[in-house]
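If you want the building blocks of each chain, they are given just below.
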Amino acid sequence: MKAAVLNAPKTPLSIEELTIDEPIAGEALVRVVAAGVCHSDLHFIEGTYPGRLPMVLGHEVAGVVEKVGPGVTHVKAGDRVIMGFVQPCGHCKYCDAGRPNLCQTRTTARAADRPILKRGDQAVSGMAGTAGFAQQSVMPATGLVQVPDGIGLDVAALVGCSVMTGYGAVVNTAKVEPGSTVAVIGAGGVGLNIIQAARLAGASRIIAVDMVEAKLGVAKQFGATDTVNAGDTDPVKKVQELTGGGADFTFEAIGLKVTAEQAYAMAGRGGTAVIVGMIPPMDQISISGMIWMQEKTLKGSYYGSARFHTDMPRIFDLYRQGKLNIEGLVTKRFPLEGINEAFDLLRSGAVSRSVLEIGAE
Ligand SMILES: NC(=O)c1ccc[n+]([C@@H]2O[C@H](COP(=O)([O-])OP(=O)(O)OC[C@H]3O[C@@H](n4cnc5c(N)ncnc54)[C@H](O)[C@@H]3O)[C@@H](O)[C@H]2O)c1
Ligand SMILES: [Zn+2]
Ligand SMILES: [Zn+2]
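We now turn to the structure provided with this report. (Residues numbered from 1 in each chain as written. Chains lettered and ligands numbered in written order. Predicted model: local features only at pLDDT ≥ 70, side-chain atom pairs only at ≥ 80, totals over all residues.)

Focus on the nonpolar core
Logical step 1: Val56, Val184 and Ile195 are the most contacted members of the largest nonpolar core, which has 118 residues in total.
Logical step 2: Per-element tally for this core: the top contributor is helix α3 (residues 153-174), with 13 residues.
Logical step 3: Not counting the four nearest positions on each side in its chain, Val184 is found in contact with Gly191, Ile194, Ile195, Ile206, Ala208, Val209, Phe251 and Ala253. (Core = buried A, V, L, I, M, F, W, Y, C linked by C-beta atoms within 7 Å. Buried ≥ 20, exposed ≤ 12 C-beta atoms within 10 Å, placed from the backbone. Helix = DSSP H or I, 4+ residues; strand = E, 2+ residues; numbered from the N terminus. Contact = placed C-beta atoms within 7 Å.)

Structure follows, in C-alpha cells:
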C-alpha cells in the first residue's frame, strides 16, 4: 500500500510502497478515507519534536474498518470510524478517573520485532499509533470511535484532532463560563475550534490574535468578536485594554514559547491560560512570580482532555444541529500525492485546514 514517509527532518515526504502487517489481538485494520494535515505533523517534519525515522505521520484520520484482530468487539469490518491518536486501555488510573486522554498503557502485545509497517525488511514507525498518511492503518482498536451515518468521513477526520482538541480545551480543560472573556492566540485549525467552542459556551467576548490578516477574517466567521493582528499591535496590551485588565480565559494555539508567555500575561487576575500548542520540549516558559497574588492558573490541554466516547458523539450532534462548523475549516483538498503542497500551505499560514482524500468511502 502507498504511504507518505518522512525519511529525514526538514525534507519533503516521499510517497512509497510499504507492507502492512495483519492486525493482532486488540488491533484493527482500517482503510483510510480522509486525513487532515495538522501542525503537529509539521512539528515532526521540522524536527522540533523527535520521531523514530523513517516514519508515517498522520493523526487526524477517518476510514472504514476492514478487519479486526481477536478480542475486538466494539467495532467490526465495515464500520466507519475516527482514529483517536490516543488509544486508552480503559483500566488505568487515568481511564478510571475519566481522563483517558492521559492514558499511556499499551493495549496490545505487539512485539518489537514484528513492526506494523515495513519497507522491504526495514521497519517504518507510525505517528501516535495511527500513521494515517497511508492507504491503510493497523492500530490498537480502543482508539476507534464510530462515525454516525450521514456524516462524511472528511468531516469526521477533523473531529479526530482539531475539533476535539479545540472544543475540549474550552469545554473540558478550561470550563469556560457563560459571559466570560476569552482570548485565542493562533487562528489556525485548532484555534478556530477554540473560538467556535467559546462562542457555544457563551463567552461574551472572544478575541482572536493572529499575524495573517485573512485568518482574522475567518476567525470572525467562527465567532470572534474582536481581532488583533500581532504583526502590528502588541497583543498583550490590546487584550488587556479590550477586557479591562486581562481575559478570564486565554488559549495558546500555535506552539511557541513567546506566545505561551503572552497567553499567560494577557489572562487577568483570577484568569486561566491554557497551553494547547506543542511547545518544543526543551523550551522553558517563564511567568511572573506574582501568580500567587493574582490567583492565575497556567494549564496544559492534551487532546482537549477528551473522553472519546462521550465527547466525539456530542461533537457530531452539535455539528448536525449546525452549532459547530466543520466544513468551513477545510480550505483545500488534495490527493495523498499532494501532501507536500499541503504542508507548504500550512507553513505559510494560508489555510485553516487541508484534507487529504486518500480513499473512497
Ligand atoms: N494539545 C493538543 O493535543 C494538540 C492537538 C493538535 C494540535 N496541537 C498543536 O496546536 C498548535 C496549532 O495547530 P494548528 O494545526 O491549528 O496550526 P496552524 O498552523 O493551522 O495555526 C497556527 C496559527 O498561528 C498563527 N501564528 C503563527 N505565529 C504567530 C504569532 N507569533 N502570533 C500570532 N499568530 C501566529 C498562524 O498564522 C496560524 O494561523 C500546534 O502547535 C499543534 O501542534 C496540539
Ligand atoms: Zn493534530
Ligand atoms: Zn488507561
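On we go.
A word on the packing of α3 against helix α9 (residues 308-320)
Any two packed helices are characterised by how steeply their axes cross, that is the angle between the axes, and by the distance between the axes.
Logical step 1: Between α3 and α9, the least distance of the axes is 10 Å, while the angle of their chain directions is 105°. By the criterion of interaxial angle, the relationship of α3 to α9 is roughly perpendicular. Contacts between α3 and α9 involve Val155, Val159, Val163, Met164, Tyr167 and Gly168 from the former and Asp311, Met312, Ile315 and Tyr319 from the latter.
Logical step 2: Of the residues belonging to the contact of α3 with α9, the class tally is eight nonpolar, one polar and one charged. (Axes fitted to C-alpha atoms, helices over the stretch in contact; angles between N-to-C directions. Parallel < 35°, antiparallel > 145°, perpendicular 65-115°, else oblique. Nonpolar A, V, L, I, M, F, W, Y, C, P; charged D, E, K, R; others polar.)

Quick word on the sheet that holds strand β8 (residues 117-119)
Strand pairing in a sheet takes place through backbone hydrogen bonds and is either antiparallel or parallel in direction.
Logical step 1: Pairing is mixed across the open sheet formed by six strands, whose spatial order is β2-β1-β5-β9-β8-β3. Only two strands of the sheet have a single partner each, and these edge strands are β2 (14-17) and β3 (19-20).
Logical step 2: Here two bridges tie strand β1 (residues 2-6) to strand β5 (residues 55-56), and the two strands are oriented antiparallel to one another. Each bridged residue has a counterpart across the sheet, and for Val5 the counterpart in β5 is Val56. (Pairing = 2+ DSSP bridges.)

Notes on the pairing of strand β13 (residues 205-210)
Logical step 1: Burial of β13 is extensive: five of the six residues sit out of reach of the surface.
Logical step 2: Direction of pairing for strand β12 (residues 181-185) relative to β13: parallel, over a ladder of five bridges. Bridge assignment links Val182 to a residue of β13, and that residue is Ile206.
Logical step 3: In this fold, the crossover linking β12 to β13 by way of helix α4 (residues 189-200) has right-handed handedness.
Logical step 4: Bridge count between β13 and strand β14 (residues 226-229): four bridges; the pairing is parallel. Residue pairing for β14: Asp210 is matched across the bridge by Asn229. (Right-handed = clockwise from strand over helix to strand, strands pointing away.)

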